Amino acid sequence: MHENTFFGMIKAMAWSGVLLVICLFSTFLMMGFLPPPSPDLPAEAIKQIFVDRKMEIRIATALQTLGFTFYLTWAMSITMMLRPMERGLPVLTWTSIANTGGGYVLFLMMPFTWAALAYRPEILDAWFIQIMNDWTWFVFILSWPPFAVFMMMIGIAILRDHNVPRIMPKWVAYLNFWCAFTISPAILIQFFKTGPFTYAGLIDFWFIFAVFFGWMVVMTLVTVRAADRLKAQAG
């Protein structure tokens, strides 16, 4: 009974990642940030966006503070699957727990900043709104290393899994390594205001956006299947 409850919670936590993806897509659309405002726009144009859409941004960020919390539950469901893969001291599991907490904070920094800008945008200087909007997109995209490290730890844990059969298939490890590599162009956003490597560009927004959130959906399905497999083995 207790094991059934445990695996049921793991699956529920895994599915919460899909809720995060839906929340992010829907709120970005509500804010008018899909695609993001170009970093090449003048400061006055960025300020006008926050003035004109302040209510939409307030509502969207309120939803984001709830929806983005699901990163914590989603990532922890994967971390719980790493533990039975390890023998001895669970270094990868413990590191993943710390990493998950950091990633959760990064997610919440975005709605906090946008909500503050939309709180009283009329009295804020345009340059300040522009800089803080840049900051928020930097938090969203330039924060890629902790997430890439999480992907690497998942891949390493799967390849080192001593269980027969493996808790997660080997191809999932290679997928995580590939995703960790392909989100690395995010490091370039501070060098460009136009072109594919800006935070509104084809590579550093659209491609990385698709890779990261596609990875989340795939890992959700893989984790749910792994939980079902462990539950069946537990009898």
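Note: the structure precedes this text.
What you see is a predicted model, and the numbers here were worked out from it, not measured in a lab.

Draft legend 1. Main features of the overall build of the protein. Scanning the protein for helices and strands turns up 9 helices and 0 strands. Of the regular secondary structure in the protein, the N- to C-terminal order runs α-α-α-α-α-α-α-α-α. Against the globule reference of 18 Å for 235 residues, the protein gives a C-alpha radius of gyration of 19 Å, in line with a compact fold. In terms of overall dimensions, the protein has C-alpha extents of about 60 × 35 × 25 Å along its principal axes. Counting every position in the protein, which comprises 235 residues, the buried fraction comes to 46%. The long-range share in the protein, meaning contacts at least 24 apart out of those at least 6 apart in sequence, stands at 78%. Accessible surface for the protein amounts to roughly 11100 Å². Of this, 72% is attributable to carbon and sulfur atoms. Within the protein, the 12 negative side-chain charges are centred at a point lying 12 Å from the centre of the 15 positive side-chain charges.

Draft legend 2. Representation of the packing of aromatic side chains within the structure. Applying the stated criterion across every chain, the model contains 30 aromatic pairs. With a centroid separation of 5.7 Å and 35° between ring planes, the pair formed by Phe 192 and Phe 197 is classed as tilted. Judged by its relative accessible area of 36%, Phe 192 is partly exposed. Residue classification places Phe 197 among the partly exposed positions, given a relative accessible area of 24%.

Draft legend 3. Looking closely at the packing of helix H2 (residues 43-52) against helix H6 (residues 126-141). For the pair H2 and H6, interaxial distance at closest approach is 8 Å and the crossing angle is 80°. Classified by the interaxial angle, the pair formed by H2 and H6 is roughly perpendicular. Contacts from Ala 43, Glu 44, Ile 46, Lys 47 and Phe 50 of H2 reach H6 at Ala 126, Trp 127, Ile 129, Gln 130 and Asn 133. Considering only residue class, the contact of H2 with H6 consists of 6 nonpolar, 2 polar and 2 charged.

Draft legend 4. Representation of the pattern of salt bridges in the model. Here the structure, examined in full by the defined rule, presents 2 salt bridges. The salt bridge involving Asp 228 is made with Lys 11; its shortest N-O contact spans 2.8 Å. Here the residue Asp 228 occupies a position in helix H9 (residues 202-234), and Lys 11 occupies one in helix H1 (residues 2-31), the gap between them amounting to 217 residues. Under the relative-accessibility criterion, Asp 228 is labelled partly exposed at 32%. Assessed through its relative accessible area of 26%, Lys 11 is described here as partly exposed.

Parameters and conventions
- Residues numbered from 1 in each chain as written.
- Predicted model: local features only at pLDDT ≥ 70, side-chain atom pairs only at ≥ 80, totals over all residues.
- Heavy atoms only, no water.
- Helix = DSSP H or I, 4+ residues; strand = E, 2+ residues; numbered from the N terminus.
- Rg over C-alpha atoms; globule rule 2.2 N^0.38 Å.
- Buried < 20%, exposed > 50% of the residue type's maximum accessible area, 1.4 Å probe, protein only.
- Contact = heavy atoms within 4.5 Å.
- Areas by Shrake-Rupley, 256 points an atom, 1.4 Å probe, with all protein chains shown as cover.
- Lys, Arg positive; Asp, Glu negative; His and termini not counted.
- Charge placed at Lys NZ, Arg CZ, Asp CG, Glu CD.
- Phe/Tyr/Trp six-rings, centres within 6.5 Å; stacked < 30°, edge-to-face > 60°.
- Axes fitted to C-alpha atoms, helices over the stretch in contact; angles between N-to-C directions.
- Parallel < 35°, antiparallel > 145°, perpendicular 65-115°, else oblique.
- Nonpolar A, V, L, I, M, F, W, Y, C, P; charged D, E, K, R; others polar.
- Salt bridge = Lys/Arg side-chain N within 4 Å of Asp/Glu carboxyl O.

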